[in-house]
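So you can see what is in the structure, the chains are spelled out below.
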Amino acid sequence: MENILKAAGLKKYYGKGDTMVKALDGVDLEIERGKFTAIIGTSGSGKSTLLNMLGGLDTPTEGSVKIGGTELATLNNEQATIFRRKQIGFIFQNYNLVPVLTVWENIVFPISLDGQKPDKKFIMKVAGMLGLEEKLDSLPNNLSGGQQQRVAIARALASKPSIILADEPTGNLDSKTSDDVIGLLKMTSQEFHQTIVMITHNPEIAQMADRIIRIEDGRIAT
Amino acid sequence: MGEMLKTLTRRSFAAGRVRNLIAVLAITLTAVLFTSITTIGIGTEESMTLTMQMQKGSKSDGDFRNMTAKQFEMLKEADFIELAGLRMPVNFLSNTNRHNIEFDVLDDVQAELTFCSPTHGKAPVAYNEIVASEQALRELGALPEVGAEVTIEFTAHNREYRLPMVVSGWYESTSDQLSMMWAGIAFRDAHPDIFQFTYDQDRDMAGTYCSDIIAVTASGLSKKMEQEAIHMGGNPHDMEAENYIAATVNFVTNMPLEPEIAVMAALLALLFVFCCYLLIYNVFDIAVMQEIRRYGLYRTIGMSKRQVRKLINRQAVWLSGIGIPIGLFIGFFIGRAALPVIMASLSEEYANVAADVSPSPVIFLGAALLTAITVFLSTRKPVRVAANISPIEAFRYVENSSGKRRERKSSLGADISRLALSNLGRNKRRTVFIIISLTLCVVLLNCVGTAAGSLDIEKQVAFKIRTDFAVTSAASMNGMKGFVHREDALDEQVIGTVSAQPGVKDGSPIYKNTVEDTDVTYEWEHLVLDEGIVDKDSGLNIRFDENYMYFGTGDDRRPICNVYGMEESVVARMDLREGETDAHALYEKMAQGKGVMVGVDVNRVDMSINADLDMADVGEIITVYKDGKPERELPVLAKAAVNGDDQEIGITCNGPLEVGGNGLYLYLPTNIYKELYEEPVIYKYAFNVEESQRENVTAFLEDYVNNVNPEVNYLSSQTAREDAEKTRKTINFVGGLVGMIFGFAGVLNLINTMVTTILIRRHEFATMQSIGMTRKQLTRMMIFESVYYALGASFLGVVSAALLGVTIIRNMLGSMWQYTFHFTLAPAVCVSVILLIVSAVVPVAALWLFHKGSIVEQLRVAE
């Protein structure tokens, strides 16, 4: 299988001298296309930092991240943003929906930002699988947490990105809803051949992934 | 807990520096607005009162006139009077030309109350000492110096006096037209013949006692003065009574507040309070929104609603404590700087305007109180919101107009301009407030612009003078005299001198009859006159018709009318309305003796012919009588609408009223005029000047009338225009100032909202950026949001300005003759464009200043 994501020698240091914090200290990672990978670790282990590096939200002190052959370090801020909305789907712990946009508008938002026409048929199919057909005209405030997170998943899938990065997507949800959401995430990714990298501190959730990577003190523990 | 609350207030206060700065700015602006407005208001009132007192010549509370010596002694004892001056009028001096001088005997109290205490030298003591104004002394050919000698001439009890006097002191005059010369009690004692009391028999003022008084209290003064007059044996009601005593309150000093002005002032104050309310409300609303989670936290850990309220109120008090004093300080100076500009525009009607304002506590207390009230009112709602927030809600709080709309039609995409529009809906009240405050600025400035643009300068100038220049004798231009007698005529030599100046063209002497021309009279149809009375000054018999129009009549008791003899060029300049309106043809016919042109006063507002004075129709025959015999018949060939320039000059029209009265204005060619009148005299010389030479001619005339020939005076269209321009300046200045303050409040509101939006939605922005919104797109979205406010305000502003313009403003301006309504939206559009530009710049700057750091940092900050 081909690797969609390749990180080599990733380091992220904060501060200097005695107060220097090594959030990431030399991480090498390869993610295969179409796989569901879970990254687990305790608080402060560096997993969120790693995800931010992989998504191009943050720049590493050292090392490189390549997604689908593009070296993120070569992109400037603007280019990185544009790359992100085409190639990466994000799912956040607190959903981060735009409160003034309806569910449908939230889903197609990144595509609109790119100036593209959304693939209506495809998105309706995604919404159908996530059980959102009835809610497309609702505003996010009127949805439950699980529903909001499903909208976020739909948004991440909508632009058919190369990779979906999920940062504790179930962190704000109860366990029953968490299972549902992860189930749907996994199902849709299989259906649409999506690659998913998910951060969680919950081993049970991680069990549902194809591969689990554990991170400790900024390094990958095997 | 009290101590804790204080600490908390202090810490929160220190934490929100940007927010506090904006709040202080808002409060300061409010205080500036109120202070400058009250300063201008009170200053204008004070200055107007002083100016009018100076004009009236008295700052007393009231005055008594025509008393005997005994009555005056009684008056001094009256218990409601604090100070009583003594004035014994003699008469106007007869040896003056341009400046009228009243000669009285005064005591020091009276001199002080009537603005004629000597500022140089001392009050008169010896019988031959006088104090007079600088201008009066110059008029009499003396220099304003203590010890200068002047000769005064006057009439009293039908006897002419010519007395040499010595100047003991002098003062700067406050009026170009008139001033007071006074002697001391010693003069009275030296001339008992002048001061015999004969008022009850012949109404001669010389010998009467008059007194300007200062009352203990102004309340009920009119009644008290009346009673006092009756008490001393006088009759204050019947002017014809032998024992008539005038006892009148000085309404200039004790001016009653006109209800219209009070209502206008109250409305204006309300508008200001409202404007500032919009601003301060938003500042506090935003401040509370920003910290809603913190208030939720306080509530969770046990702070009572009352305590939350106290916390915010205390911050409001602190912010006011900083903002109000700064605002009062700045506002007072703005107001004081603005005052002379405003007063200058009033100087046309009130010569020698005094413009000053003292930093009275009323201004500061009033303005501070108004500001405090505004702050209090504006903070009520935000305080209530903060106090009533439930802890859970506070944590979940995302600014959004809650609940009402659960769904709405999704658009196909989510384009940025639509997203921005949706964002406006998040807080409707705030959006509405910002739009209204910006709208106010647009509307107000448009009203100001309309008023300034509608000010018809040329109409005002044309009313005063149709040519570039006019020269008359000094008496003709004296508002109290006018062209009445042959001796007021303009010397032909003067015309020769003036017309010899380079650039002078279209010159025409204008002849006019005087009170001496009683041999030529006129008669026309429907003229029924009563017996009439004899005017003491002119000696004319004045007769009235059934409409109480009055006519000066001649030897045969027929009206002498106001008759002018002029060149064709003058007729061509006039406003011919009916009959033969071709000036050339008309002049030809008139020159052949085939008729006459009649002039009728115009109604200045709409420039229509004044129907009350329209007494002869075109075609009607006017019979000219000479020495009581019909001399010729002149049909009315044309009718002209006449203005000030056609009647006399400038704004004075005293002469025609003294001569012909309301009787017809008849305009004849020079040749016919000379045939009719045996001693034709020239009243004025009107002429134009080549543009390149105007300055030279002005300089020449200025020098000529001041230094060469003081018997002559001149008026130019330039000075008339400058007078009219002053009004426009004031409108622009005051209106602009107020409009700017409103605009500034609106823009401050906008800035505040933009900055807050960026701070409050930092997390949302970070999210959008993380899922692919570029910085450019974010900026564009914010520009859209901001521009929508301005667009809304512009639209509303232009529409309301248009509506107001064609209704209220048109009516208001339509009732004042100086204005010709011109509808315009140019100021509204200009302001709108400026607002749009500012609104586009504000978010860019705000983002640049407040949206810093990487996405990751911002995501973290928000959590």
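Note that this is a predicted model, so its numbers are computed, not measured.

Visitor: What am I meant to see in the overall build of chain A here?
Guide: Across its full length, chain A holds seven helices and 10 strands. Here chain A has a C-alpha radius of gyration of 17 Å; the compact-globule value for 222 residues is 17 Å, and the two agree. Across its three principal axes, chain A shows a C-alpha extent of roughly 55 × 40 × 35 Å. Here chain A holds 222 residues, and 54% of them are scored as buried. At a minimum sequence separation of 6, the contacts of chain A that also span at least 24 residues come to 74%. Here chain A displays about 9,500 Å² of accessible surface, and carbon together with sulfur accounts for 45% of that area. Within chain A, the 26 negative side-chain charges are centred at a point lying 4 Å from the centre of the 25 positive side-chain charges.

Visitor: Help me understand the packing of helix α16 (residues 457–464) of chain B against helix α24 (residues 717–760) of chain B, please; the structure alone is not making it clear to me.
Guide: Any two packed helices are characterised by the angle at which their axes cross and by the distance between the axes. All names here are of chain B. Between α16 and α24, the shortest axis-to-axis distance is 9 Å and the interhelical angle comes to 140°. Comparing the axis directions of α16 and α24 gives the class oblique. Of the two elements, α16 crosses α24, and the hand of that crossing is right-handed. Here α16 contributes Ile457, Glu458, Gln460, Val461 and Lys464 to the contact with α24, which in turn contributes Ser717, Ala720, Arg721, Asp723, Ala724, Glu725 and Arg728. A per-class count over the contact of α16 with α24 returns four nonpolar, two polar and six charged.

Visitor: Got a minute to help me understand the pattern of salt bridges in this structure?
Guide: Where side chains of opposite charge bring their charged atoms close, a pairing between them can arise. Counted by the stated rule, this structure contains 35 salt bridges over all chains. The shortest N-O distance in the salt bridge between Glu32 of chain A and Lys35 of chain A comes to 3.5 Å. Classification of Glu32 of chain A as partly exposed rests on a relative accessible area of 30%. Between Lys684 of chain B and Asp645 of chain B there is a salt bridge, with its nearest N and O atoms 2.6 Å apart. Remark: Asp645 of chain B occurs in helix α20 (residues 644–647) and Lys684 of chain B occurs in strand β25 (residues 682–689); sequence separation between them is 39 residues. Taken individually, Lys684 of chain B and Asp645 of chain B each receive the classification buried, so the pair is uniform in this respect. Counted as one network, the salt bridges with shared partners bring together Glu578, Asp614, Asp617 and Lys639 of chain B.

Visitor: Looking at this structure, I do not really get the packing of aromatic side chains. What am I missing?
Guide: For any pair of aromatic rings, the description rests on two quantities: the centre-to-centre distance and the angle between the ring planes. By the definition in use, this model includes 25 aromatic pairs over all chains. Here the aromatic rings of Phe90 of chain A and Phe92 of chain A are separated by 5.6 Å at their centres, their planes lie at 10°, and the arrangement is stacked. Under the relative-accessibility criterion, Phe92 of chain A is labelled buried at 8%. Ring-pair connections join several aromatic residues into one group, and the members of that group are Phe103, Phe154, Tyr161, Phe187 and Phe195 of chain B. The ring of Phe376 of chain B carries Arg380 of chain B above its face, with NZ or CZ at 4.1 Å from the centroid. Over the ring of Tyr625 of chain B we find Arg558 of chain B; its NZ or CZ atom is 3.5 Å from the centre of that ring.

Visitor: Honestly, helix α19 (residues 583–591) of chain B in this entry has me stumped. Any pointers?
Guide: Residue pairs spaced three or four apart in an α-helix point in one direction, given the helix's 3.6 residues per turn. Residues and elements named next belong to chain B. The complete set of buried residues in α19 reads Ala583, Leu586, Tyr587 and Met590. In an axial view of α19, the angular spread of the buried residues amounts to 95°, which keeps them on one side of the axis. Once α19 finishes, Gly593 follows within two positions and takes phi at roughly 80°, a positive value.

Visitor: How should the side chain of Thr450 of chain B be read in this particular structure?
Guide: Summarising the element assignment, Thr450 of chain B is placed in helix α15 (residues 428–454). Not counting the four nearest positions on each side in its chain, Thr450 of chain B is found in contact with Ile809, Leu813, Phe821, His822 and Thr824 of chain B.

Visitor: Is there a simple way to explain the domain arrangement of chain B in this structure?
Guide: Interface size, as often reported, equals the accessible area lost upon joining of the parts. Residues and elements named next belong to chain B. By domain assignment, chain B separates into domain 1 (59–249), domain 2 (412–463 + 718–863) and domain 3 (511–681). Placing the centre of domain 2 and that of domain 3 at their C-alpha centroids yields a distance of 58 Å. Opposite the six residues of domain 2 that make contact, domain 3 presents eight residues. At the boundary of domain 2 with domain 3, total buried surface from both sides reaches about 670 Å², with 60% on carbon and sulfur atoms. At the junction of domain 2 with domain 3, the criterion picks out zero salt bridges. Remark: the boundary between domain 2 and domain 3 carries three residue pairs in polar contact (both at pLDDT 80 or more). Broken down by element, the residue count for the side of domain 2 that touches domain 3 peaks at three residues, all from α16. For the side of domain 2 that touches domain 3, the per-class residue count stands at three nonpolar, two polar and one charged.

Visitor: Sorry if this is basic, but what is going on with the environment of Thr74 of chain A here?
Guide: Residue and element names in this part refer to chain A. Take Thr74: it is sitting in the loop between β5 (70–71) and α2 (77–87). With 10 residues separating them in the primary sequence, Thr74 and Ser64 have C-alpha atoms 9.6 Å apart. In terms of polar contacts, Thr74 uses its side chain to reach the backbone carbonyl oxygen of Glu71, at 2.7 Å.

Visitor: Before we go on, may I ask you to explain the environment of Gly68 of chain A in this structure?
Guide: Residues and elements named next belong to chain A. Here Gly68 shows up in the loop between β4 (62–67) and β5. Gly68 gets classed as exposed once you look at its relative accessible area, which sits at 53%. Separated by 141 residues in the primary sequence, Gly68 and Ala209 have C-alpha atoms spaced 21 Å apart.

Visitor: Honestly, the sheet that holds strand β15 (residues 533–534) of chain B in this entry has me stumped. Any pointers?
Guide: Whether parallel or antiparallel, the strands of a sheet pair through hydrogen bonds between backbone atoms. Across the sheet, which stays open at both edges, the three strands sit in the order β15-β16-β17 (chain B) with antiparallel pairing between neighbours. Each end of this open sheet is capped by a strand with a single partner; those strands are β15 and β17 (550–553) of chain B.

Visitor: Can you help me understand the nonpolar core in this one?
Guide: The tendency in soluble globular proteins is for nonpolar side chains to be buried side by side. Judged by nonpolar contacts, the single largest core of 97 residues is most densely connected at Leu50, Leu54 and Phe109 of chain A together with Leu419, Met773 and Met781 of chain B. Sort the elements by how many residues they give to this core and α24 of chain B lands first, with 10 residues. Within the second largest apolar cluster, 49 residues are counted, among which are Phe551, Val600, Ile672 and Tyr714 of chain B.

Visitor: When you look at the sheet that holds strand β7 (residues 163–167) of chain A in this model, what are you seeing that I'm missing?
Guide: Residues and elements named next belong to chain A. Sheet architecture is open: six strands sit in the order β6-β7-β8-β3-β9-β10, paired in mixed fashion. Taken across any chain shown, the strands that pair with only one partner, and hence form the sheet edges, are β6 (88–91) and β10 (219–221). This sheet shows a mean twist of 25° between the axes of neighbouring strands, independent of strand direction. Sheet topology places β6 next to β7; four bridges connect them, and they run parallel. Paired with Gly89 across the two strands is Ile164, which belongs to β7.

Visitor: Before we go on, may I ask you to explain the pairing of strand β13 (residues 504–512) of chain B in this structure?
Guide: Put simply, side chains in a regular strand alternate between the two faces of the sheet. Residues and elements named next belong to chain B. Here β13 runs beside β25; their pairing, made up of six bridges, is antiparallel. Bridged to Ile510 within β25 is Lys684. Note: β13 against strand β18 (residues 562–566), two bridges, orientation antiparallel. Residue pairing for β18: Lys512 is matched across the bridge by Tyr564.

Visitor: How should a nonpolar patch on the surface be read in this particular structure?
Guide: On the surface, a nonpolar cluster with roughly 460 Å² of combined accessible area is contributed by Ile322, Ile326, Phe329, Ile330 and Phe333 of chain B. Note on placement: Phe333 of chain B falls in helix α11 (residues 305–346).

Visitor: Before we go on, may I ask you to explain the confidence of the model for chain B in this structure?
Guide: Detailed reading of the predicted coordinates is not advisable wherever pLDDT is low. Chain-level statistics for chain B give a pLDDT mean of 82 and a share of 91% at 70 or above. Contacts for the low-pLDDT stretch residues 400–404 of chain B, under 50 throughout, to residues beyond four places or in other chains number six contacts.

Visitor: Any chance you could explain a positive patch on the surface here in plain terms?
Guide: Residue and element names in this part refer to chain B. On the surface, Lys305, Arg306, Arg309, Lys310, Arg384 and Arg429 cluster together to form a positively charged patch. Per-element accounting of the positive patch gives the leading share, four residues, to α11. Within the secondary structure layout, Arg306 lies in helix α11. On the basis of relative accessibility, which here comes to 61%, the residue Arg306 falls in the exposed class.

Visitor: Sorry if this is basic, but what is going on with the state of the cysteines here?
Guide: The bond known as a disulfide is covalent and runs between the sulfur atoms of two cysteines. Taken as a whole, this structure holds zero disulfides over all chains when the rule is applied. Left without a disulfide partner, Cys210 of chain B is nearest to the cysteine sulfur of Cys116 of chain B, which lies 13 Å away.

Visitor: Could you clarify how one ought to interpret unusual backbone geometry in this entry?
Guide: Peptide bonds are, in most cases, trans, and in most cases residues other than glycine have a negative phi. Residue and element names in this part refer to chain B. In this model, Arg203 sits at a positive phi of 60°, which is unusual for a non-glycine residue. Structurally, Arg203 is set in the loop between α7 (199–202) and β10 (209–215). Note on Arg203: relative accessible area 30%, which makes it partly exposed. Positive phi values are uncommon outside glycine, yet Asp506 reaches one of about 50°. Residue classification places Asp506 among the partly exposed residues on the basis of a relative accessible area of 39%.

Visitor: Help me understand the side chain of Thr374 of chain B, please; the structure alone is not making it clear to me.
Guide: Residues and elements named next belong to chain B. Structurally, Thr374 is set in helix α12 (residues 361–388). Within the structure, the side chain of Thr374 is placed 2.7 Å from the backbone oxygen of Leu370, a separation counted as a polar contact. Thr374 has contacts with Thr30, Phe34, Val273, Cys276, Tyr277 and Ile280, leaving out every residue within four places of it along the chain.

Quick notes on the rules
- Residues numbered from 1 in each chain as written.
- Chains lettered and ligands numbered in written order.
- Predicted model: local features only at pLDDT ≥ 70, side-chain atom pairs only at ≥ 80, totals over all residues.
- Heavy atoms only, no water.
- Helix = DSSP H or I, 4+ residues; strand = E, 2+ residues; numbered from the N terminus.
- Rg over C-alpha atoms; globule rule 2.2 N^0.38 Å.
- Buried < 20%, exposed > 50% of the residue type's maximum accessible area, 1.4 Å probe, protein only.
- Contact = heavy atoms within 4.5 Å.
- Areas by Shrake-Rupley, 256 points an atom, 1.4 Å probe, with all protein chains shown as cover.
- Lys, Arg positive; Asp, Glu negative; His and termini not counted.
- Charge placed at Lys NZ, Arg CZ, Asp CG, Glu CD.
- Axes fitted to C-alpha atoms, helices over the stretch in contact; angles between N-to-C directions.
- Parallel < 35°, antiparallel > 145°, perpendicular 65-115°, else oblique.
- Left-handed = near helix turned anticlockwise from the far one by under 90°.
- Nonpolar A, V, L, I, M, F, W, Y, C, P; charged D, E, K, R; others polar.
- Salt bridge = Lys/Arg side-chain N within 4 Å of Asp/Glu carboxyl O.
- Phe/Tyr/Trp six-rings, centres within 6.5 Å; stacked < 30°, edge-to-face > 60°.
- Lys NZ or Arg CZ within 6 Å of the ring centre and 35° of its normal.
- Arc of directions from axis to C-beta.
- Domains from an automatic or database assignment.
- Buried area = accessible area lost by both parts, 1.4 Å probe.
- Polar contact = N/O pair within 3.5 Å; in protein donor to acceptor, adjacent residues only side chain to side chain.
- Pairing = 2+ DSSP bridges.
- Core = buried A, V, L, I, M, F, W, Y, C linked by side-chain atoms within 4.5 Å.
- Patch = residues over 30% accessible without salt bridge, like charges linked within 9 Å, V, L, I, M, F, W, Y side chains within 5 Å.
- pLDDT = per-residue confidence, 0-100.
- Disulfide = S-S within 2.5 Å.

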